[in-house]
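The chain contents come next:
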Amino acid sequence: MRATLFLAPMDGLTHVAFRRLVAHYGPPDFFYTEMVSARAIVHQPPERDPYLFYTEADRPLIAQLAGREPEVIVQALERLEARFDFYGYDLNFGCARGRAKRYGWGAALLSEPELARKIAAGGRKMTRKPLFAKLRSTPGHDLRRLIAFAEGLLAEGVEILILHPRAPEDGFRRPPRWEEIAALKRETGATVIGNGDIFSPEDVLRMLETTGCDGVMIGRTALLRPWIFRDARAFLKGDPIPEAPNPFEPVLLMAEHLKLLPEEWREKRFNLWLFWYLQNFPFGLYYFGRVQKALGISEKLAVLKDLLYREKIPPYPARIRQNR
Ligand SMILES: Cc1cc2nc3c(=O)[nH]c(=O)nc-3n(C[C@H](O)[C@H](O)[C@H](O)COP(=O)(O)O)c2cc1C
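Residues numbered from 1 in each chain as written. Predicted model: local features only at pLDDT ≥ 70, side-chain atom pairs only at ≥ 80, totals over all residues. Heavy atoms only, no water.

**Description of helix α8 (residues 201-211)**
Using the following cut-off: Three exposure classes are used, based on accessible area relative to the maximum for each residue type with a 1.4 Å probe and protein chains only: buried under 20%, partly exposed in between, and exposed over 50%. Think of it this way: any DSSP run of H or I at least four residues long counts as a helix, any run of E at least two long counts as a strand, and we number them from the N terminus. The reported arc concerns the directions from the helix axis to the C-beta atoms and nothing else. Any two residues whose heavy atoms approach within 4.5 Å at even a single point are treated as in contact.
All buried positions along α8 are accounted for by Pro201, Asp203, Val204, Met207, Leu208 and Thr211. Along the axis of α8, the buried positions cluster into a sector of 160°, meaning they face one direction only. Opposite its buried face, α8 presents the exposed residues Glu209 and Thr210, each directed more than 90 degrees away. Turning to α8, the residues buried within the fold contact β1 (4-7), α7 (178-188), β7 (191-195), β8 (215-218) and α10 (228-237). Gly212 occupies a position one or two residues after α8 and carries a positive phi of about 75°.

**A word on the domain arrangement of the protein**
Buried accessible area, meaning the area lost when the parts come together, often serves as the stated size of an interface. Put simply, the rule is: An automatic or database domain assignment supplies the start and end points of every domain. Two parts lose some accessible area (1.4 Å probe) when they are put together, and adding that loss for both gives the buried area. A carboxyl oxygen of Asp or Glu within 4 Å of a side-chain nitrogen of Lys or Arg is what we treat as a salt bridge. Identification of polar contacts relies on pairs of N or O atoms within 3.5 Å, with a donor-acceptor requirement for protein atoms, meaning one able to donate a hydrogen and the other able to accept it, and with residues adjacent in sequence counted only if both atoms are side-chain atoms.
We note that the domain assignment places domain 1 (4-237) and domain 2 (248-308) within the protein. Between the C-alpha centres of domain 1 and domain 2 there is a distance of 26 Å. At the boundary of domain 1 with domain 2, total buried surface from both sides reaches about 1800 Å², with 73% on carbon and sulfur atoms. If you sort the residues of domain 1 by the area they bury against domain 2, Ala17, Leu21 and Leu224 come out on top, with a joint share of 26%. Taken together, the links from domain 1 to domain 2 amount to 0 salt bridges. On the surface where domain 1 and domain 2 come into contact, there are 4 residue pairs in polar contact (both at pLDDT 80 or more). Here the side of domain 1 that touches domain 2 takes 7 residues from helix α1 (residues 16-25), the largest share from any one element.

**Let's talk about the packing of aromatic side chains**
Each aromatic ring pair is characterised by the separation of its centres together with the angle its planes make. Quick reminder of the rule: The rule is short: rings of Phe, Tyr and Trp, with Trp giving its six-membered ring, pair when the centres are within 6.5 Å, and they are stacked under 30 degrees, edge-to-face over 60, tilted in between.
A complete count under the given rule lists 19 aromatic pairs for this structure. Ring centres of Tyr25 and Trp227 lie 5.4 Å apart, and the angle between their planes is 75°; on these two criteria the pair is classed as edge-to-face. You can see Tyr25 sitting in helix α1 and its partner Trp227 sitting in the loop between α9 (220-224) and α10, a full 202 residues away along the chain. Of the two residues, Tyr25 and Trp227, both sit in the buried class. Ring centres of Tyr277 and Phe281 lie 6.0 Å apart, and the angle between their planes is 80°; this geometry places the pair in the edge-to-face category. One exposure class covers both Tyr277 and Phe281, and it is buried.

**Details of empty space enclosed by the protein**
Where empty space is left becomes clear once a probe the size of a water molecule has been rolled over the atoms. Inclusion rule: Points on a 1 Å grid, built from protein atoms alone, make a cavity when a 1.4 Å probe fits but cannot get out and make a pocket when they are open with protein on both sides within 12 Å along at least 5 of 7 lines; residues with an atom within 4 Å of a point are the lining residues. Grid points are joined across faces, edges and corners, and a volume is the space filled by probe spheres set on the points. Lys, Arg, Asp and Glu make up the charged group, whereas Ala, Val, Leu, Ile, Met, Phe, Trp, Tyr, Cys and Pro make up the nonpolar group; the residues left over, Gly among them, are polar.
Enumeration over the complete set of coordinates arrives at 1 cavity of 30 Å³ or more. Taken as a whole, the largest cavity holds about 40 Å³ of empty space. Residue lining of the largest cavity: Leu65, Ala66, Gly67, Ile73, Leu91, Asn92, Phe93, Leu109 and Ile119, and that is the complete set. Broken down by element, the lining of the largest cavity gets its largest block of residues, 3 residues, from strand β4 (residues 88-93). Each residue belonging to the lining of the largest cavity can be placed in one class, and the counts come to 7 nonpolar, 2 polar and no charged.

**Some details on the side chain of Asn195**
Position of Asn195 among the secondary structure elements: in strand β7. Here Met217 takes part through its backbone oxygen, which lies 3.0 Å from a polar atom of the side chain of Asn195. Asn195 has contacts with Lys134, Ile162, Leu163, His164, Pro165, Ile181, Met207, Met217 and Ile218, leaving out every residue within four places of it along the chain.

**Let's talk about helix α12 (residues 263-277)**
For clarity, the cut-off: The span one expects for a helix is its residue count, reduced by one, times 1.5 Å.
Here α12 contains 15 residues, and its C-alpha end-to-end distance of 21 Å stays within 8% of the 21 Å for a straight helix at 1.5 Å per residue. Along α12, the positions that sit buried rather than exposed are Trp265, Arg269, Phe270, Asn271, Trp273, Leu274, Phe275, Trp276 and Tyr277.

**Looking at the UniProt feature "binding site: FMN" (unreviewed entry) in the protein**
What counts, and what does not: UniProt positions are given in the numbering used here, feature names are shortened, and annotations may be inferred rather than shown by experiment.
Taken from the UniProt record, the annotation "binding site: FMN" (unreviewed entry) applies to Gln64, Lys134, His164, Gly219 and Arg220. Put simply, the named residues that line the largest pocket are Gln64, Lys134, His164, Gly219 and Arg220. Following the sequence through the fold, Gln64 ends up in strand β3 (residues 61-66). With relative accessibility at 2%, the residue Gln64 sits in the buried group. Apart from the residues within four sequence positions on either side, Gln64 is in contact with Pro9, Tyr32, Thr33, Glu34, Met35, Val36, Asp90, Asn92 and Lys134. If you trace the backbone, Gly219 turns up in the loop between β8 and α9. Here Gly219 is in contact with Ala8 and Met10, once residues within four sequence places are set aside.

Here's what the structure looks like:
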């Protein structure tokens, strides 16, 4: 079976260095930037914004915009269109945490369907490129409301919907309701990409078969196993799943790719990723504590080399031991 695979946008994590790491092992069909503030794009020179850096290896790349003022989002798109070569743009109606929660971006807009439509309409006027909308379940899992919201966006020219079927109040504690992906596909007839709790190549097939979605987006498991896209593709073709790399290898590659980012970003971004990557191992959270005490990337690498030399990446499914 052939499926379209997406790397999910993840704040602080899906920057150019991480995407290069994913590309090294086997790229998805589409990469995503992390969410980028539309306001920041409008008020700062976007060419120098590390959130927008990319290379030839981490493409096709979709830029995800976050914001709530239609005119600011339109201006941001105009600037991106003039200066970069993104494959398409995504409007974030899904993020319920951090900056999105504070500023009323992302999932907060699920309760403001008219404003969301204005954002979509403005976006559609500004670009002829594919326009994606990333959604999550509405508060209380009100499916009718979700479908009406999605139909409003489609009417304004959004072409592809991504659904992570957890409501804002669910956090990661409750399982995603994949049946809402099936319902969104059935009711809207739009192109729908399913997302949520893909922990193995087998899960990709199960999501495709049980929901009828057109493609699958993977987030956290790609942080633990940046080679998940290679493995999912092999599995869907009926080939054996390739062997996982030596656990220290991705760490070294990541340290190398981080040089694509400004120096003052590197160590923090390394830490953010290690918090997830080290969860592959039963004592990963303890390892993470040890690494955090080391100062500087080269000292951290020395600690990691020592900690990981006797480890092996466990078989699928990837186990997320702690969410952040
Ligand atoms: C650390 C973290 C950061 C995230 N940042 C974003 C973001 O910037 N934009 C967005 O639309 N979703 C964001 N998400 C949600 C993911 O894109 C995805 O929908 C969610 O993790 C479920 O997919 P998964 O089960 O494959 O991880 C984030 C998730 C995590 C764990």
